[in-house]
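Residues per chain, in single letters:
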Amino acid sequence: MSIAVDQERLSREIEELAAISDGEVPAVTRVVFTPTDLKARDWLMAKCKKAGLTVRQDPVGNIFARWTGSQPDAPAVGTGSHIDAIPNAGKYDGVVGVLGGLEAIRSLQASGFRPKHSIELLMFTSEEPTRFGIGCLGSRLLSGSLSVNKARKLADRDGILLEEVRANAGVTGALEEVKLPDGYYKAFVELHIEQGPLLEQQNIPLGLVTHIAAPASLRISIEGEGGHAGAVLMPERRDALCAAAELILAIETAARASNARDSVATVGICTVFPGAVNSIPSRVQLSVDVRDTNLERRDEILRRIRAAGQNVAAQRQVVLDEEVLNADAPAECATSIVETLAESCKKHQLNFMPMVSRAYHDSLFMSRITAVAMLFIPCRNGYSHRPDEYVSSEEIERGVIVLAETLASLAA
Ligand SMILES: [Zn+2]
């Protein structure tokens, strides 16, 4: 089987989709269930139908486009990604996995290959958290990683509930029906841009993801006592910001202490109340993001952070309150799929390296219900989520060839 990717068609389609945007060229803005997003979805479904695929949309708007195999009841082989884009983003994040996946299917059709297992292209709803404050909404629901009750409570910034937003978008059906039945997929492979600089720096065209890191996000509030910056003397103080400062350093120490390259912890937001130059901070809110590729190691960091918090609270007589916003488990990619990807790279004499995905993707949630792997291609300077995000068509083509061969081998 020899696979010929229609690189020109694919480049043209990437440009066409980029033009369906609320951003000013070259920026792409496509927020889930806006009129622009709905237009992009219609455009995509038309392309899939033109390729002879059977298209359906589930009640949260995940789109499935199926090339039915000769054993239609056997578990399917999935591929895909997202096409929503944060404000002022680029053309390639997610899109390469969706349109590249479609091109992989079309090139397999043209090669004469006929799958036994159906091959299914997926477009996940709202991978980006822009509208509802939660990432990977579609894949979380598909995999049962988010309860329908919680999903029903989601609202956008204007207070409009997901239920209403999707109804207005013409996406109907009960959210209970989104979760896929057990054994629906045999495997899932996602092609994605790296969104980091490593492949380009090492001049390696393909990255085979072995682990997907996952964040735990916490909000920590520290309650001390305010007062006049001149009148309250030092021994009397319970300064919430001084307590926060100690805790922030302890959070850094907690991640460093795990002595693993993949352990990271960040305090990204520190909000101080009342925030006046002559007022002792009475309350501080910190946002904490802890990531690792290993769940036990990550939870150990969280334990160290909590212990440090108790210490600080006792010594400085402040009250700490912690809220866990999310704590998704990291995922390991399936060795057998990674090996299949590697075989295809070798066949085409393409250099590759194992990688960790430090951003999270729909594949993280797909890993809860099936074997997954991810294939990374380089992007210029590692830039992503910005208008100058760029991937050459040659790089995309290499990714599509390896993806197509891997899908064929999994579906044979
Ligand atoms: Zn993405």
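Caption draft 1: Layout of the overall build of the protein. Each helix and strand in the protein was counted, giving 12 helices and 17 strands. Taken over the C-alpha trace, the protein has a radius of gyration of 23 Å; the compact-globule value for 412 residues is 22 Å, and the two agree within 12%. Referenced to the eigenvectors of the C-alpha coordinate spread, the extents of the protein come out at roughly 80 × 45 × 40 Å. When burial is assessed residue by residue, the protein has 53% of its 412 residues classed as buried. Put simply, 78% of the contacts in the protein that link residues at least 6 apart link residues at least 24 apart. Carbon and sulfur atoms make up 49% of the accessible area of the protein, which amounts to about 17800 Å² in all.

Caption draft 2: Summary view of the pattern of salt bridges. For the structure on display, the rule yields 27 salt bridges. Arg 306 serves as the salt-bridge partner of Glu 322, at 2.8 Å between the closest nitrogen and oxygen. Of the two residues, Glu 322 is situated in strand S14 (residues 319-327) and Arg 306 in helix H9 (residues 295-316); the sequence distance between them amounts to 16 residues. Take Arg 306: its relative accessible area is 36%, and that puts it in the partly exposed class. Among the charged side chains, a network of salt bridges with common partners joins Asp 6, Arg 9, Glu 13, Glu 16, Lys 47, Glu 103 and Arg 106.

Caption draft 3: Seen up close, the coordination of the zinc ion. Ligation of the zinc ion by protein atoms is provided by His 82 (NE2), Asp 93 (OD) and His 192 (NE2), these donors lying 2.0 to 2.3 Å from the ion. In primary-sequence terms, the residues that donate to the zinc ion follow H-x10-D-x98-H. Taken together, the residues span a long stretch of sequence, with Asp 93 in the loop between strand S5 (85-89) and helix H3 (95-111) and His 192 in strand S7 (residues 185-193) at a distance of 99 residues. There is no split in this pair, since Asp 93 and His 192 are both buried.

Caption draft 4: Structural view of empty space enclosed by the protein. The final tally for this structure, using the stated rule, is one cavity of 30 Å³ or more. The computed volume of the largest cavity comes to approximately 30 Å³. Along its surface, the largest cavity is lined by Gln 7, Leu 10, Ser 11, Ile 14, Ser 393, Ile 396 and Glu 397. Put simply, the parts of the chain that give the lining of the largest cavity at least two residues each are helix H1 (7-19) and helix H12 (393-411). For the lining of the largest cavity, the per-class residue count stands at three nonpolar, three polar and one charged.

Caption draft 5: Molecular detail of the layout of surface pockets. Considered as a void within the structure, the largest pocket measures approximately 950 Å³ in volume. Lining the largest pocket are 39 residues; nearest its centre among them are Pro 129, Gly 133, Ser 217, Asn 326 and Tyr 360. Its volume calculated, the second largest pocket comes out at about 170 Å³. A per-element tally of the lining of the second largest pocket places strand S16 (residues 352-357) first, with three residues. Looking at the lining of the second largest pocket residue by residue, the classes come out as six nonpolar, three polar and three charged.

Caption draft 6: Representation of the nonpolar core. Membership of the largest hydrophobic core comes to 102 residues, with the highest contact counts inside it found for Leu 108, Leu 137 and Ile 396. In terms of residue count, H12 provides more of this core than any other element does, 10 residues in total. Beyond its immediate sequence surroundings of up to four residues, Ile 396 is in contact with Leu 10, Ile 14, Tyr 92, Val 96, Ile 377 and Val 391. Formed by 21 residues, the second largest nonpolar core is a distinct cluster that contains Ala 244, Val 288, Ile 301 and Val 312.

Caption draft 7: Representation of the environment of Glu 163 in the model. Note on placement: Glu 163 falls in helix H6 (residues 162-168). Assessed through its relative accessible area of 23%, Glu 163 is described here as partly exposed. Taking the C-alpha atoms as reference, Glu 163 lies 9.8 Å from Pro 59; in sequence the two are 104 residues apart. Once residues within four sequence positions are removed from consideration, Glu 163 is found in contact with Arg 152 and Leu 175. In this structure the side chain of Glu 163 is engaged in a polar contact, spanning 3.3 Å, whose partner is the side chain of Arg 152.

Caption draft 8: Just the sheet that holds strand S11 (residues 264-273), in detail. Ordered by their spatial adjacency, four strands build an open sheet running S11-S13-S9-S14, and the pairing between neighbours is antiparallel. If you trace the sheet from one side to the other, it starts and ends with S11 and S14, each paired once. The mean inter-strand angle of the sheet, taken between neighbouring strand axes irrespective of direction, is 15°. Where strand S9 (residues 214-223) lies against S14, eight bridges are found, and the strand directions are antiparallel.

Caption draft 9: Up close: the packing of H1 against H3. Between H1 and H3, whose axes approach to 10 Å, the crossing angle comes to 145°. Read as a crossing pair, H1 and H3 show a hand that is right-handed. Every residue of H3 that contacts H1 at Arg 9, Leu 10, Glu 13, Ile 14 and Leu 17 is listed here: Val 95, Leu 99, Gly 100, Glu 103 and Arg 106. Here the contact of H1 with H3 is composed, by residue class, of five nonpolar, one polar and four charged.

Caption draft 10: Focus on the packing of H1 against H12. Orientation of H1 relative to H12, taken along the N-to-C sense of each, is 110°, at an axis distance of 10 Å. With respect to their mutual orientation, H1 and H12 come out roughly perpendicular. Crossing angle aside, the handedness with which H1 passes H12 is right-handed. In this structure, H1 uses Gln 7, Leu 10, Ser 11 and Ile 14 to contact H12, whose residues at the interface are Ser 393, Glu 394, Ile 396, Glu 397 and Val 400. Grouping the amino acids of the contact of H1 with H12 by side-chain chemistry returns four nonpolar, three polar and two charged.

Thresholds, definitions, all that
- Position numbers for residues count from 1 along each chain, tracking the sequence in the order it is written.
- Since the coordinates come from a predicted model, pLDDT governs what is reported: local features require at least 70, and pairs of side-chain atoms require 80 or more to be given and counted, while whole-chain, interface and lining totals use all residues.
- Derived side-chain values reflect all non-hydrogen atoms in the structure, with water molecules and hydrogen atoms excluded from consideration.
- Secondary structure elements are taken from DSSP: a helix is a run of H or I of four residues or more, a strand is a run of E of two residues or more, and numbering for both begins at the N terminus.
- The atom set for the radius of gyration is the C-alpha atoms, and the globule formula is 2.2 Å times the number of residues raised to the power 0.38.
- Under the scheme applied here, a residue whose accessible area is under 20% of the maximum for its type counts as buried, over 50% as exposed, and between as partly exposed, the area being computed with a 1.4 Å probe on protein chains only.
- The contact rule is simple, with two residues in contact once any of their heavy atoms fall within 4.5 Å.
- Accessible surface is estimated by sampling points in the Shrake-Rupley manner with a 1.4 Å probe; for residues, cover comes only from the protein chains shown.
- Between Lys or Arg on one side and Asp or Glu on the other, a salt bridge is scored when a side-chain nitrogen of the former is within 4 Å of a carboxyl oxygen of the latter.
- Any N, O or S atom lying within 2.8 Å of the metal counts as a donor, with the limit raised to 3.2 Å for Na, K and Ca; because water is left out of the atom set, some sites can appear incomplete.
- Think of a 1 Å grid over just the protein atoms. A cavity is a set of points where a 1.4 Å probe fits yet cannot get out, a pocket is an open set with protein on both sides within 12 Å along at least five of seven lines, and lining residues have an atom within 4 Å of a point.
- Grid points are joined across faces, edges and corners, and a volume is the space filled by probe spheres set on the points.
- Under the scheme applied here, ten amino acids are nonpolar (Ala, Val, Leu, Ile, Met, Phe, Trp, Tyr, Cys and Pro), four are charged (Asp, Glu, Lys and Arg), and all others, including Gly, are polar.
- Remark: nonpolar core denotes a set of buried residues (Ala, Val, Leu, Ile, Met, Phe, Trp, Tyr, Cys) joined through side-chain atoms within 4.5 Å.
- We define a polar contact as two N or O atoms separated by no more than 3.5 Å, with the added condition that, inside protein, one atom must be a possible hydrogen donor and the other a possible acceptor, whereas residues neighbouring each other in sequence contribute only through side-chain atom pairs.
- Criterion used throughout: strands pair if DSSP finds at least two bridges between them.
- For helices, the fitted axis covers only the stretch in contact; all axes are lines through C-alpha atoms, and the angles between them, taken along N-to-C directions, range from 0 to 180 degrees.
- It is the rotation of the near helix from the far one that decides the hand of a crossing: anticlockwise by less than a right angle makes it left-handed, clockwise makes it right-handed.
- Oblique is the label for any angle not under 35 degrees, not over 145, and not in the 65 to 115 range, which are roughly parallel, roughly antiparallel and roughly perpendicular in turn.

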